[in-house]
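Structural overview for review
Letter by letter, the chains look like this.
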Protein chains: 2
Amino acid sequence: MHRHIEDELTRLKDQILAMGGHVELAVEAATQALITRNSKLLKQVHDLEDKINREHMEVDNSCVQLLARQSPLAADLRLVIAVLKISTDLERMGDQAVNIAHNTREYLEGAPVKELIDLPVMANEVRGMVRDSLDAFVHQSRELAEKVLARDDIVDSFKHKIFQELIGYMSQNSTQIEQALDLILIARNLERLGDHATNIAEDVIFAITGNDIRHGGGQHE
Amino acid sequence: MHRHIEDELTRLKDQILAMGGHVELAVEAATQALITRNSKLLKQVHDLEDKINREHMEVDNSCVQLLARQSPLAADLRLVIAVLKISTDLERMGDQAVNIAHNTREYLEGAPVKELIDLPVMANEVRGMVRDSLDAFVHQSRELAEKVLARDDIVDSFKHKIFQELIGYMSQNSTQIEQALDLILIARNLERLGDHATNIAEDVIFAITGNDIRHGGGQHE
């Protein structure tokens, strides 16, 4: 029995890793389509989202089966709960990649806003957070998870700066309001991707330590 | 033992209902602040979010304890999994109410955009979806849950219409771009609230039937 549950937990981890890999690819394809003005990449995002959605159901199903068959306790139970939550976050990250793809398609139909401002840098920072949150999960590393949490403020300040610049741009260029709005919504989606990476990092810490650090809970340890 | 798990499940349901009630109040306060231009209501939103965040941790904790102590099976296990997911959705709905409050505060600082367009009607529709998704959970009603799912398209089309009208408005009124953008972001947050109500309805159907209807899964029954 003990051996068996270890195998099932390893399989769950592998499922999350595969799913996370697809999320990374979807975010990469959506943001590269924007940066290189290559709308052909957008189809990949939709194909990856289909895959991610299927994986979401498979992971949930594996968790339910594992809970029913193994009745895991303590750290094992926490890991299964964390996997359920991480899988939900990854699925919503797939949705965000699709939102970015949607806004990018609209954006690429018109003339470019003079510069993409800090969007490529922000996208890079967010992709780093996503990758590191998954690495923190694989290695069950509290240290790496905490580094992800610390980066959320950087992403928020990018978003704030991009918003301000684009609002200024819109007031000067009334014929390009839709284009600038597309970029604002993309910055917003990137911010949300960062939020999801943060959620994953929090779940990793919960799985490792049993501490619920969300909502400042860690301060009451 | 059987009696005991029933009691714990009833308590879990009560926790979700209390949390859901606070989410409804938060959405109500945020949208009423916008509609009646009463920024005093915004503090309530933040107080309610604090409460919702605490309840989120309490519900998760109750679920972990119940899984560890009772090792529930079949419908009971599905209910606990659904509660874990619903609690996560409710917590994010609290965040959305705070986002609306934030954009409303900014919006109320300036001159009003001539009309709020369909935002009050959209807000009303979304509040109805939230309430009905919680009712579907209390009564474990598949019928009501399916009605919630059907309403998601209505909310999406409201958002689309509001976006188009506000983009037109911005191109005519370059001094009020920030105000109009606040309303666009509020419409976006309302749309997300509707998405979360949809997630809850899907979780209710999963808890009742064991069918995972997400991502078109229901078509393969």
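Predicted, not measured: the structure shown is a model, and the values here were computed from it.

Bringing the overall build of chain A into the picture now. Helices and strands together make up the secondary structure of chain A, namely six helices and zero strands. For 221 residues, the compact-globule formula gives about 17 Å, and the C-alpha radius of gyration of chain A, at 19 Å, lands near that figure. A buried classification covers 57% of the 221 residues belonging to chain A. Long-range pairs, those at least 24 residues apart, make up 83% of the contacts in chain A with a sequence separation of at least 6. Surface summary for chain A: the accessible area is close to 9,100 Å², and the carbon and sulfur share equals 48%. When the 24 basic and 37 acidic side-chain charges of chain A are each reduced to a single mean position, those positions are 2 Å apart.

All names here are of chain B. Positive phi outside glycine occurs at Ala74, with the angle close to 45°. Within the secondary structure layout, Ala74 lies in helix 3 (residues 74-108). Residue Gln140 is not a glycine yet carries a positive backbone phi of 45°. With respect to the element layout, Gln140 can be found in the loop between helix 4 (119-138) and helix 5 (142-172). Using a relative accessible area of 25% as the deciding quantity, one classes Gln140 as partly exposed.

On to the interface of chain B and chain A, then. Contact residues are listed per partner, giving 38 residues for chain B and 39 residues for chain A. Carbon and sulfur atoms supply 64% of the area that chain B and chain A bury against each other, a total of about 3,500 Å² over both sides. Remark: the boundary between chain B and chain A carries four salt bridges. A salt bridge links B:Lys85 to A:Asp60; the shortest N-O distance between them is 2.7 Å. Counting the contacts that link chain B with chain A gives nine residue pairs in polar contact (both at pLDDT 80 or more). Breaking the side of chain B that touches chain A down by element, the ones donating at least two residues are helix 2 (41-70), helix 3, helix 5 and helix 6 (177-209) of chain B. Here the side of chain B that touches chain A takes eleven residues from helix 6 of chain B, the largest share from any one element. Along the lines of polarity and charge, the residues of the side of chain B that touches chain A split into 16 nonpolar, twelve polar and ten charged.

With that settled, consider the packing of helix 3 (residues 74-108) of chain A against helix 4 (residues 119-138) of chain A. Residues and elements named next belong to chain A. Where helix 3 meets helix 4, the axes come as close as 13 Å, and the angle between the chain directions of the two elements is 160°. Compared by their axis directions, helix 3 and helix 4 come out roughly antiparallel. Of the two possible hands of crossing, helix 3 and helix 4 adopt the one that is left-handed. Where helix 3 abuts helix 4, its residues Leu79, Val83, Ile86, Leu90 and Met93 lie against Val130, Leu134 and Phe137. Looking at the contact of helix 3 with helix 4 residue by residue, the classes come out as eight nonpolar, no polar and no charged.

Under the fitted operation, chain B is carried onto chain A by 0.0 Å of movement along the axis and a turn of 180°, and the coordinates agree to an RMSD of 0.0 Å. Within this description, the copies of the chain are treated as partners about a two-fold rotation axis. Proximity to the rotation axis, assessed at the C-alpha, singles out B:Ser71 in chain B; its C-alpha lies 2.8 Å from the axis.

So, about helix 4 of chain B. Residue and element names in this part refer to chain B. Spanning 20 residues, helix 4 covers 29 Å between terminal C-alpha atoms, matching the ideal 28 Å at 1.5 Å per step. Counting buried residues in helix 4 gives 14 out of 20 residues, a clear majority hidden from the surface. Count one or two residues on from helix 4 and you reach Gln140, which has phi positive near 45°.

Residues and elements named next belong to chain A. Relative to the helices and strands, Leu12 is located in helix 1 (residues 2-35). Each C-alpha atom of the pair Leu12 and Leu84 lies 9.8 Å from the other, and the pair is 72 residues apart in sequence. When neighbours within four sequence positions are excluded, Leu12 is seen to be in contact with Val59, Ser62, Cys63, Leu66, Val80 and Val83.

Moving on: the pattern of salt bridges. Residue and element names in this part refer to chain B. Enumeration over the complete set of coordinates arrives at 24 salt bridges over all chains. Here Glu125 makes a salt bridge to Arg151, at a shortest N to O gap of 3.0 Å. Of this pair, Glu125 sits in helix 4 while Arg151 sits in helix 5, and the two are 26 residues apart along the sequence. Judged on exposure class, the residue Glu125 and its partner Arg151 are both buried.

In this fold, B:Gln179 is placed in helix 6. Side-chain polar atoms of B:Gln179 contact the backbone oxygen of B:Tyr107, separated by 2.9 Å.

Helix 6 of chain B packs onto helix 3 of chain A with a crossing angle of 145° between their chain directions and a minimal axis gap of 14 Å. Read as a crossing pair, helix 3 of chain A and helix 6 of chain B show a hand that is right-handed. Across from A:Arg92, A:Gln96 and A:Asn99 in helix 3 of chain A, the residues of helix 6 of chain B making contact are B:Arg188, B:Arg192, B:His196 and B:Asn199. Among the residues making up the contact of helix 3 of chain A with helix 6 of chain B, the classes are represented as no nonpolar, four polar and three charged.

Under the definition given, this model contains zero aromatic pairs over all chains. Between A:Lys159 and the ring centre of A:Phe163, over which it is positioned, the NZ or CZ distance is 4.7 Å.

Bringing the side chain of A:His56 into the picture now. As for its position among the elements, A:His56 is in helix 2 (residues 41-70). Setting aside residues up to four positions removed in sequence, A:His56 forms contacts with A:Met19, A:Ser87, A:Thr88, A:Glu91, B:Lys85, B:Arg214 and B:His215.

All names here are of chain B. By secondary structure assignment, the location of Ala123 is in helix 4. The class of Ala123 is buried, set by a relative accessible area of 2%. Non-local contacts of Ala123, meaning those with residues more than four positions away in its chain, are made with Thr31 and Leu190.

Thresholds, definitions, all that
Residues numbered from 1 in each chain as written. Chains lettered and ligands numbered in written order. Predicted model: local features only at pLDDT ≥ 70, side-chain atom pairs only at ≥ 80, totals over all residues. Heavy atoms only, no water. Helix = DSSP H or I, 4+ residues; strand = E, 2+ residues; numbered from the N terminus. Rg over C-alpha atoms; globule rule 2.2 N^0.38 Å. Buried < 20%, exposed > 50% of the residue type's maximum accessible area, 1.4 Å probe, protein only. Contact = heavy atoms within 4.5 Å. Areas by Shrake-Rupley, 256 points an atom, 1.4 Å probe, with all protein chains shown as cover. Lys, Arg positive; Asp, Glu negative; His and termini not counted. Charge placed at Lys NZ, Arg CZ, Asp CG, Glu CD. Buried area = accessible area lost by both parts, 1.4 Å probe. Salt bridge = Lys/Arg side-chain N within 4 Å of Asp/Glu carboxyl O. Polar contact = N/O pair within 3.5 Å; in protein donor to acceptor, adjacent residues only side chain to side chain. Nonpolar A, V, L, I, M, F, W, Y, C, P; charged D, E, K, R; others polar. Axes fitted to C-alpha atoms, helices over the stretch in contact; angles between N-to-C directions. Parallel < 35°, antiparallel > 145°, perpendicular 65-115°, else oblique. Left-handed = near helix turned anticlockwise from the far one by under 90°. Least-squares fit on C-alpha atoms with pLDDT ≥ 70 in both. Expected span 1.5 Å × (residues − 1). Phe/Tyr/Trp six-rings, centres within 6.5 Å; stacked < 30°, edge-to-face > 60°. Lys NZ or Arg CZ within 6 Å of the ring centre and 35° of its normal.

Keep in mind these numbers describe shape, not what the thing actually does.
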